[in-house]
Amino acid sequence: MNAAPKPRPAGQETIRRRSIYLLPNLFTTLALFAGFYAVVQGMNHDFERAAIAIFVAAVLDGLDGRVARLTNTQSAFGAEYDSLADMVSFGAAPALVMYEWALRDMGRIGWIAAFVYCAGAALRLARFNTQLSVADKRWFTGLPSPAAALLLAGMIWVLDDYQVKGGEVRWFAAALTVYAGVTMVSNIRFYSGKDLNLRRAVPFWMTLVVVVALLAISIEPSHVLWGIMVAYGVSGYVGWLVQRVRAEAKEKQYRDIREAIDAGDITALARMLHATPPDTVVNGGGRSLLMVAVEESNLPAAELLLARGANRDLRDDRGVTALGLAAEMGFKEAVEVLLAAGADPNIRDGQGLTALDLAEEHGSHDIVAALLRAGAKSGTELGDPPGA
């Protein structure tokens, strides 16, 4: 008969657990060291090593979170430590290295440009931490601080290869530094790549692209890496421009049905719904016909759209549903109609607010009461969403 396994001593279990938690924090510490090393080399005017150190910090920063998830060792301490390390590696280090390389001789303009970048990195990290549980994982709001740091470091690395002194391009360097700092705190969206599943099979051509990219980086690392960062650094604005053009085309395409809602012409709206699905998004803000009806305070149009099967819980680009919009506007009748139709009162918008939060913000006590009767909760009461 097999003997029962001996229980593991409590001391050994504690040591094992602590040793696991050291692993992701070790990567964070190495990233912090790389950022500090970049500052030291910048002060020594060895700008190539300083730039490479920032790239190394970015690689290590990308690994610490993945290691924590793979080993199931995420912790609040690790998250805070990672943010502080990021501020050094991607906030202070690039600003100080750029200042030493190109901005020092510009006097007040130079240190202001460096400070704009440094402050932008701090604000970007603070906003990222506060929106972590409610942000769309597919997109970053503002340029990520590692990408901004690599944008500056890549420029220094490439031009140093050509023996170009920073003072010769100081105005371009100042402009790029300010651009990176401002873009970090903008509302421009940049693709995060977090929806890519590397465990799934990929097409053969994608494998070839990766191989060619790695080959190009091995041949000319500074040029290729900076080129990638420049492309990514402007991709958000290109995407915004494309989205703006598409939004204007969409608004033009659905102008007639919007005008029918605006004018309260229910007969015309009913006729147009034979050819237009009730969940059609009709403007650049991502709002559906139901949201437009609520926005225009057109209750009969909202009732007609619900009768035609409109989705009650669609969200616009801010993450707001038709119910949230009605609560925000103080449109009590629409709130009651949407709740009666089965709208979910506990969907949070991009800022983590529910319809109850929006109603309370605007002092709409009747709407608050109606939402509470329907089981509504505040964003705080709901806590972190699953998978946050």
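Rules used throughout
Residues numbered from 1 in each chain as written. Predicted model: local features only at pLDDT ≥ 70, side-chain atom pairs only at ≥ 80, totals over all residues. Heavy atoms only, no water. Core = buried A, V, L, I, M, F, W, Y, C linked by side-chain atoms within 4.5 Å. Buried < 20%, exposed > 50% of the residue type's maximum accessible area, 1.4 Å probe, protein only. Helix = DSSP H or I, 4+ residues; strand = E, 2+ residues; numbered from the N terminus. Contact = heavy atoms within 4.5 Å. Axes fitted to C-alpha atoms, helices over the stretch in contact; angles between N-to-C directions. Parallel < 35°, antiparallel > 145°, perpendicular 65-115°, else oblique. Nonpolar A, V, L, I, M, F, W, Y, C, P; charged D, E, K, R; others polar. Patch = residues over 30% accessible without salt bridge, like charges linked within 9 Å, V, L, I, M, F, W, Y side chains within 5 Å. Areas by Shrake-Rupley, 256 points an atom, 1.4 Å probe, with all protein chains shown as cover. Salt bridge = Lys/Arg side-chain N within 4 Å of Asp/Glu carboxyl O. Lys, Arg positive; Asp, Glu negative; His and termini not counted. Charge placed at Lys NZ, Arg CZ, Asp CG, Glu CD. Polar contact = N/O pair within 3.5 Å; in protein donor to acceptor, adjacent residues only side chain to side chain. pLDDT = per-residue confidence, 0-100. Expected span 1.5 Å × (residues − 1).

Caption draft 1: Structural context of the nonpolar core. Judged by nonpolar contacts, the single largest core of 49 residues is most densely connected at Met 98, Trp 101, Leu 103, Tyr 117 and Met 155. Listing elements by their share of this core, those giving two or more residues are α1 (10-43), α2 (47-70), α3 (76-103), α4 (108-130), α5 (145-161), α6 (170-184) and α8 (221-253). Of the residues forming this core, the biggest block, 12 residues, is contributed by α5. Those residues in contact with Met 98 that sit more than four places away from it in its chain are Leu 103, Leu 152, Met 155, Ile 156, Ala 173 and Thr 177. Core analysis: the second largest hydrophobic core is formed by 42 residues, Val 282, Ala 326, Ala 343 and Leu 371 among them.

Caption draft 2: Region of interest: the packing of α5 against α6. Running from N to C, α5 and α6 cross one another at 175 degrees; their axes reach a closest spacing of 9 Å. Looking at the two axes, α5 sits roughly antiparallel to α6. Of the residues in α6, those in contact with Ser 145, Ala 148, Leu 151, Leu 152 and Met 155 of α5 are Phe 172, Ala 173, Leu 176, Thr 177, Tyr 179, Ala 180 and Met 184. Along the lines of polarity and charge, the residues of the contact of α5 with α6 split into 10 nonpolar, two polar and no charged.

Caption draft 3: A look at the packing of helix α12 (residues 299-307) against helix α14 (residues 332-340). As a packed pair, α12 and α14 sit with axes 10 Å apart at the nearest point and diverge in direction by 10 degrees. Accordingly, the angle class assigned to the pair α12 and α14 is roughly parallel. On α14, the residues touching Leu 299, Glu 303 and Leu 306 of α12 are Glu 333, Ala 334, Val 337 and Leu 338. In the contact of α12 with α14, the residues fall into five nonpolar, no polar and two charged.

Caption draft 4: Region of the structure containing a negative patch on the surface. Together, Asp 256, Glu 259, Asp 262 and Glu 296 line one region of the surface with negative charge. Tracing the sequence through the fold places Glu 259 in helix α9 (residues 255-263). Residue classification places Glu 259 among the partly exposed residues on the basis of a relative accessible area of 44%.

Caption draft 5: Expanded view of the side chain of Thr 321. Inspection of the secondary structure puts Thr 321 in the loop between α12 and α13 (322-329). At a separation of 3.1 Å, a polar atom in the side chain of Thr 321 contacts the main-chain amide nitrogen of Gly 324. Apart from the residues within four sequence positions on either side, Thr 321 is in contact with Met 291, Arg 312, Asp 313, Leu 314, Arg 315 and Ile 347.

Caption draft 6: Expanded view of a positive patch on the surface. A contiguous patch of positive charge, built from Arg 66, Arg 69, Lys 137 and Lys 194, is present on the exposed surface. With respect to the secondary-structure elements, Lys 137 resides in the loop between α4 and β1 (139-141). In this structure Lys 137 comes out as partly exposed when scored by relative accessible area, which is 37%.

Caption draft 7: Here's a closer look at the confidence of the model for the protein. Of all residues in the protein, 90% have pLDDT values of 70 or greater, and the mean over the chain is 88. Below pLDDT 50 for its whole length, residues 12-20 participates in three contacts with residues either more than four positions away or in separate chains.

Caption draft 8: Structural context of a nonpolar patch on the surface. A cluster of nonpolar side chains, contributed by Trp 205, Met 206, Val 209, Val 210 and Leu 214, occupies part of the molecular surface with about 500 Å² of accessible area. You can see Val 210 is positioned in helix α7 (residues 204-219). Residue Val 210 is classed as partly exposed on the basis of its relative accessible area of 44%.

Caption draft 9: Main features of α5. Its 17 residues place the ends of α5 24 Å apart at the C-alpha level, agreeing with the 24 Å of an ideal helix rising 1.5 Å per residue. Across the 17 residues of α5, 14 count as buried, placing the element largely inside the fold. One or two steps after α5, the chain reaches Gln 163, where phi turns positive at roughly 60 degrees.

Caption draft 10: The arrangement of the side chain of Ser 186 in detail. With respect to the helices and strands, Ser 186 occurs in the loop between α6 and β2 (189-191). Overall, the relative accessible area of 14% leaves Ser 186 in the buried class. Within the structure, Ser 186 has its side chain in polar contact with the backbone oxygen of Thr 183 (distance 2.8 Å). Apart from residues no more than four positions distant in its own chain, Ser 186 is found in contact with Arg 127, Thr 141, Gly 142 and Tyr 237.

Caption draft 11: Just the pattern of salt bridges, in detail. The final tally for this structure, using the stated rule, is seven salt bridges. The residue Glu 328 makes a salt bridge to Arg 318 at a minimum N-O spacing of 3.2 Å. Of this pair, Glu 328 sits in helix α13 while Arg 318 sits in the loop between α12 and α13, and the two are 10 residues apart along the sequence. For Glu 336, the salt bridge goes to Lys 332, with nearest N and O atoms at 3.9 Å.

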